[in-house]
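Residue-level structural notes
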Amino acid sequence: MIRNVLGSVVALVGAAAAVQSPFHSWYDDRLGRDYRIQDLFGGITGVSSSVMGSILLPFLFAALVTLVGVVLRSRWVVALAGLIVIGFTVLWMVRQGQDAGSLTVDGDGGGLRWGVAQALAGGLLLLLGALLMSGRRRAARTRRTDGPDPYPVPPDDRPDTWPPTQEPGPAAYTSPGPEPEADPYTGPGRHRAPADEDTAPYPVQDGNTHPDQDDRQGRDRYHPPHP
């Protein structure tokens, strides 16, 4: 978190320096905002340019990219902004060297001036800010590994344990079918035992004789007399 804040501050300072640099002298007494953007690709000319059509335009775009990178905490986006600033500054130096024959810094104030140095310094600050930023993914990974997991995954040999006490709990896999429901009826006859063969009455041999009458007459119903 601290690295992201520090890197963002450095990157914003670099972007501000890059945007302000075209308002200073770049070569001799000519301001950076007087160079047209098309002069960077076709050659330096003496034609003056409007503010939004000058070299200020790519620096404004780099500042916008820097803001997006700071909001997203993306070090790669901030580094891209730094490369844009340095790239256009170096391209201008190449075109100016071709037009003047050489690039010099004279003691009397001629040659390369403070505006070029400020633009290069702004681009380097943007790259430094990108290096200082830790990035969004790394910060999220650090938050996940700072403390122990309050609900660790149970081991493979004990899949039916419940964290954090690791006591046996419900099974991890249950049957897809519905469980049988208990019979809510609790009245008489709910648990009626099946009829016992030894207590079943012996079939009646005579149509006029009842099994109870055979018992009263002293007959053994388990060993009936043979006809």
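Refer to the preceding data block for the structure.
Starting afresh in each chain, residues are numbered from 1 along the sequence in its written order. At least 70 in pLDDT is required for a residue's local features to be given in this predicted model, at least 80 for side-chain atom pairs to be given and counted, and no such filter applies to totals for whole chains, interfaces and linings, which use all residues. Values reported for side chains reflect all heavy atoms of the structure, with hydrogen atoms and water molecules removed beforehand.

1. Notes on the overall build of the chain
Helix numbers and strand numbers start at the N terminus; a helix is a DSSP run of H or I with at least 4 residues, a strand a run of E with at least 2. When you go through the chain residue by residue, the secondary structure sums to seven helices and four strands. Along the chain, helices (α) and strands (β) appear in the sequence α-β-β-α-α-α-α-α-β-β-α when read from the amino end. Taking all 227 residues of the chain together, the buried fraction comes to 29%. Element-wise, carbon and sulfur atoms account for 61% of the exposed surface of the chain, whose accessible area totals about 15,600 Å². Think of it in three bands: residues with accessible area under 20% of the maximum for their type are buried, residues over 50% are exposed, and the middle band is partly exposed, with areas taken using a 1.4 Å probe on protein chains only. All accessible-area figures derive from a Shrake-Rupley calculation using a 1.4 Å probe, and residue coverage is judged against the displayed protein chains alone.

2. Here we look at the nonpolar core
Residues enter a nonpolar core if they are buried and are Ala, Val, Leu, Ile, Met, Phe, Trp, Tyr or Cys, with the set joined through side-chain atoms within 4.5 Å. Counting 26 residues, the largest nonpolar core has Trp26, Tyr35, Ile55, Phe59, Val85, Trp92 and Leu126 as its most contacted members. Considering every element that reaches this core, the biggest residue donor is helix 4 (residues 75-100), with six residues. Note on contacts: a residue pair qualifies if any of its non-hydrogen atoms lie within 4.5 Å across the two residues. The contacts of Phe59, once residues within four sequence positions are left out, are Ala18, Val19, Ser21, Pro22, Trp26, Val85, Phe88, Thr89 and Ala119.

3. Overview of the packing of helix 4 against helix 5 (residues 114-132)
Inter-axis angles, ranging from 0 to 180 degrees, are taken between N-to-C directions of lines fitted to C-alpha atoms, where helices are fitted over the stretch in contact. Close contact between helix 4 and helix 5 brings their axes to 8 Å; oriented N to C, the two are set at 160°. In this view, helix 4 runs roughly antiparallel relative to helix 5, as classed from their interaxial angle. Along this stretch, helix 4 crosses helix 5, giving a crossing that reads as left-handed. In this structure, helix 4 uses Arg75, Val78, Ala79, Ala81, Gly82, Leu83, Val85, Ile86, Thr89, Trp92 and Met93 to contact helix 5, whose residues at the interface are Val116, Ala119, Leu120, Gly123, Leu124, Leu126, Leu127, Ala130 and Leu131. Under the scheme applied, nonpolar residues are Ala, Val, Leu, Ile, Met, Phe, Trp, Tyr, Cys and Pro; charged residues are Asp, Glu, Lys and Arg; polar residues are all the others, including Gly. Residue classes in the contact of helix 4 with helix 5 are distributed as 16 nonpolar, three polar and one charged. Roughly parallel means an angle under 35 degrees; roughly antiparallel, over 145; roughly perpendicular, 65 to 115; everything else is oblique. Helix crossings are classified by the rotation of the near helix relative to the far one: an anticlockwise turn of less than a right angle makes the crossing left-handed, while a clockwise turn makes it right-handed.

4. Looking at unusual backbone geometry
At Asp28, a residue that is not glycine, the phi angle is positive and equals roughly 55°. Counting through the fold element by element, Asp28 comes out in the loop between strand 1 (25-27) and strand 2 (30-31).

5. A word on the packing of aromatic side chains
When the centres of two rings from Phe, Tyr and Trp lie within 6.5 Å, Trp using its six-membered ring, the rings pair. Their planes under 30 degrees apart give stacked, over 60 give edge-to-face, and anything left gives tilted. Taken as a whole and assessed by the stated rule, the structure comprises three aromatic pairs. Summarising the aromatic geometry, the rings of Trp26 and Trp92 are spaced 5.0 Å apart at their centres and angled 85° between planes, so their arrangement reads as edge-to-face. One end of the pair, Trp26, is in strand 1; the other, Trp92, is in helix 4, and 66 residues separate them in sequence. On the accessibility criterion, Trp26 (0% relative accessible area) is buried.

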